[in-house]
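Coordinate inspection notes
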Amino acid sequence: GGGDFSDLREIKKQLLSVAERSRERGLQHSGKWAAELAFALEPLPLSELPPPPALTEEDARDLDAYTLAKSYFDLKEYDRAAYFLRGCKSQKAYFLYMYSRYLSGEKKKDDETVDSLGPLEKGQVKNEALRELRVELSKKHKARELDGFGLYLYGVVLRKLDLVKEAIDVFVEAAHVLPLHWGAWLELCNLITDKEMLKFLSLPDTWMKEFFLAHIYTELQLIEEALQKYQSLIDAGFSKSTYIISQIAVAYHNIRDIDKALSIFNELRKQDPYRIENMDTFSNLLYVRSMKPELSYLAHNLCEIDKYRVETCCVIGNYYSLRSQHEKAALYFQRALKLNPRYLGAWTLMGHEYMEMKNTSAAIQAYRHAIEVNKRDYRAWYGLGQTYEILKMPFYCLYYYRRAHQLRPNDSRMLVALGECYEKLNQLVEAKKCYWRAYAVGDVEKMALVKLAKLHEQLNESEQAAQCYIKYIQDIYSCGEVVEHLEVSTAFRYLAQYYFKCKLWDEASACAQKCCAFNDTREEGKALLRQILQLRNQGETSSTDVAAPFFLPASLSANNTPTRRVSPLNLSSVTP
């Protein structure tokens, strides 16, 4: 039943047997996934090991062709393998026949893509085999002749032809027929774009569903739910699984809990020191923390293990990027893409490097590729927004930042970017909403309140502006560490003027004194203190209305309109 992990030995048997069956069909990744999971469970005694799958009459007839073809297949000679499997009737040999044809088409397409790593439009290079495969597989499907593996391949073909709805139905069917095959679940993960779609799927009630749900929650940024699922899987007996540990690390990376993610990745490296998967994510964390020595060590280490893996190229790219060698970084991200054009992270990171090199058109190209590979990559949408911001095209910006925000509703960076966009388009009410939301969801960069305050200033809403600056100052000083914030002085300057206008002399002089601590506001602070002193000496009492208006020094008045009324002519006549 769903989530029933009472019989771990039975689960171990199922995993060992499906690992074997996947390998026989050349499905390396699903085989590896099952084997890794099985390895995390207690070993079985000889008497309990799963028997090899029973052979049918058809299997026996196809055995020679299958054995020969499988050896060609393992050497990546796909056309040759398919040639010797023509006319095979058994499920296993038929699958290998179709799969060889599929992979042959993919390999040719990838080679074609690599040869022209320029601006490739999606339609230019196709896997030529797909249409024929779809025709043949759909006949078999109608006749109900496809087993779980066959259904999986049919689903992949449909997805590659962009027939998403049909593909989802077929993958769901595949999961029902053969729930142990991880490949089908993983394909579903890539096709389900939101929680609503997930609700309407009728999934088989099996323990595999728990792994699927945890994975899709991570993908959909529902991190709380994902972490709960993984915790319950660990409690059920999978505490040694490197797959689960790496997924938990990725989940913490997605909610930007960097310390937690780093410590889990370090733990994972102890357990599985030659692992390369997910190390690109690990390097992103080291990059964000500017941990040069650690990133350098990781890059050298992976280079020794396997320097022609996409993850290795990305780690090296990040290393060069952190050292501000952007051309070199871009080169390594390009190398990653030559190795695997569908590797998402590299497109996005390459976009960032082109941005650093001020090559906006190349950046746009790279981000668009990333989105083609995965519509859920918020970093690519965000990157596109930034590129169009540099090109001063706020309407485009708005569209891309909106998409990024939909994918990461609680990420303050997207909200601040949206707010800035609305501000440029003069939609100030919308901008205010965005900044306020950014503050409410927990502002990473602590800029939202300042931006909100400046908006209120523009709109002459001085009380609200003052409120925002006060909150901002409390915020900055409450973190314990006062980060070098440019805007702290701005806030004190505004508050000093605000209290001065309100004739709250004590508050005004307190803020003016704070201004004296910063280089850019020191003079104004002193000037204001002198004024306050003067007014107090003239017997000005606090906050009673005074008729006589007073002029502030130019740089101090709230909206920075010059208060000097000297015509340029007079000025020019004054000789130095």
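Remember, it's a predicted structure, so these values are computed and weren't measured experimentally.

A word on the UniProt feature "repeat: TPR" (unreviewed entry) in the protein chain
Under the local residue numbering, the UniProt record ascribes the feature "repeat: TPR" (unreviewed entry) to residues 310–343 and 344–377. End-to-end, the C-alpha atoms of residues 310–343 are 8 Å apart, and along that stretch the chain is 79% helix and 0% strand.

Here we look at the pattern of salt bridges
Scanning the model with the defined rule gives 32 salt bridges in all. One salt bridge in this structure joins arginine 289 and aspartate 259, with 2.5 Å as the shortest N-O distance. Separated by 30 residues along the polypeptide, arginine 289 in the loop between helix H15 (279–288) and helix H16 (292–305) and aspartate 259 in helix H14 (residues 258–271) bring together distant segments of the chain. One salt bridge connects glutamate 524 with arginine 493, and the closest N-O pair in it is separated by 3.0 Å. Of the two residues, glutamate 524 is situated in helix H29 (residues 522–537) and arginine 493 in helix H27 (residues 486–501); the sequence distance between them amounts to 31 residues. Given the relative accessible area of 15%, glutamate 524 is considered buried.

Overview of the packing of aromatic side chains
Within the structure shown, the criterion is met by 33 aromatic pairs. Taken together, Phe5, Trp33, Trp182, Trp207, Phe211, Phe238 and Tyr243 form an aromatic cluster joined through their ring pairs. For arginine 86, the ring lying beneath its charged end belongs to tyrosine 83, and the centroid distance is 4.2 Å. One Lys or Arg, lysine 92, reaches over the ring of tyrosine 66 and ends 4.6 Å from the middle of that ring.

Section: helix H11 (residues 207–219)
Its 13 residues give H11 an end-to-end C-alpha distance of 19 Å, which sits within 8% of 18 Å, the value for a rise of 1.5 Å per residue. Within H11, eleven of the 13 residues are buried, leaving the element largely enclosed by the surrounding structure. Taken residue by residue, H11 has Trp207, Met208, Glu210, Phe211, Phe212, Leu213, Ala214, His215, Ile216, Tyr217 and Thr218 as its buried positions. Summarising the contacts, the buried residues of H11 are in contact with helix H1 (8–24), helix H2 (28–39), helix H9 (182–191), helix H10 (195–199), helix H12 (223–238) and helix H13 (242–254). Two to three positions downstream of the cap, the backbone nitrogen of methionine 208 sits 3.0 Å from a side-chain oxygen, assigning the N-cap of H11 to threonine 206. Once H11 ends, the next one or two residues include glutamine 221, with phi positive near 60 degrees.

Digging into the packing of helix H22 (residues 394–407) against helix H23 (residues 412–424)
For any two helices packed against each other, the geometry is given by the interaxial angle and the distance between the axes. Between H22 and H23, the shortest axis-to-axis distance is 9 Å and the interhelical angle comes to 155 degrees. By the criterion of interaxial angle, the relationship of H22 to H23 is roughly antiparallel. The handedness of the crossing between H22 and H23 comes out as left-handed. Contacts between H22 and H23 involve Pro394, Cys397, Leu398, Tyr401, Arg402, Ala404 and His405 from the former and Met414, Leu415, Ala417, Leu418, Cys421, Tyr422 and Lys424 from the latter. Each residue belonging to the contact of H22 with H23 can be placed in one class, and the counts come to eleven nonpolar, one polar and two charged.

Reading the values: the criteria
- Residues numbered from 1 in each chain as written.
- Predicted model: local features only at pLDDT ≥ 70, side-chain atom pairs only at ≥ 80, totals over all residues.
- Heavy atoms only, no water.
- UniProt positions renumbered as here; feature names shortened; annotations may be inferred.
- Helix = DSSP H or I, 4+ residues; strand = E, 2+ residues; numbered from the N terminus.
- Salt bridge = Lys/Arg side-chain N within 4 Å of Asp/Glu carboxyl O.
- Buried < 20%, exposed > 50% of the residue type's maximum accessible area, 1.4 Å probe, protein only.
- Phe/Tyr/Trp six-rings, centres within 6.5 Å; stacked < 30°, edge-to-face > 60°.
- Lys NZ or Arg CZ within 6 Å of the ring centre and 35° of its normal.
- Expected span 1.5 Å × (residues − 1).
- Contact = heavy atoms within 4.5 Å.
- Polar contact = N/O pair within 3.5 Å; in protein donor to acceptor, adjacent residues only side chain to side chain.
- Axes fitted to C-alpha atoms, helices over the stretch in contact; angles between N-to-C directions.
- Parallel < 35°, antiparallel > 145°, perpendicular 65-115°, else oblique.
- Left-handed = near helix turned anticlockwise from the far one by under 90°.
- Nonpolar A, V, L, I, M, F, W, Y, C, P; charged D, E, K, R; others polar.

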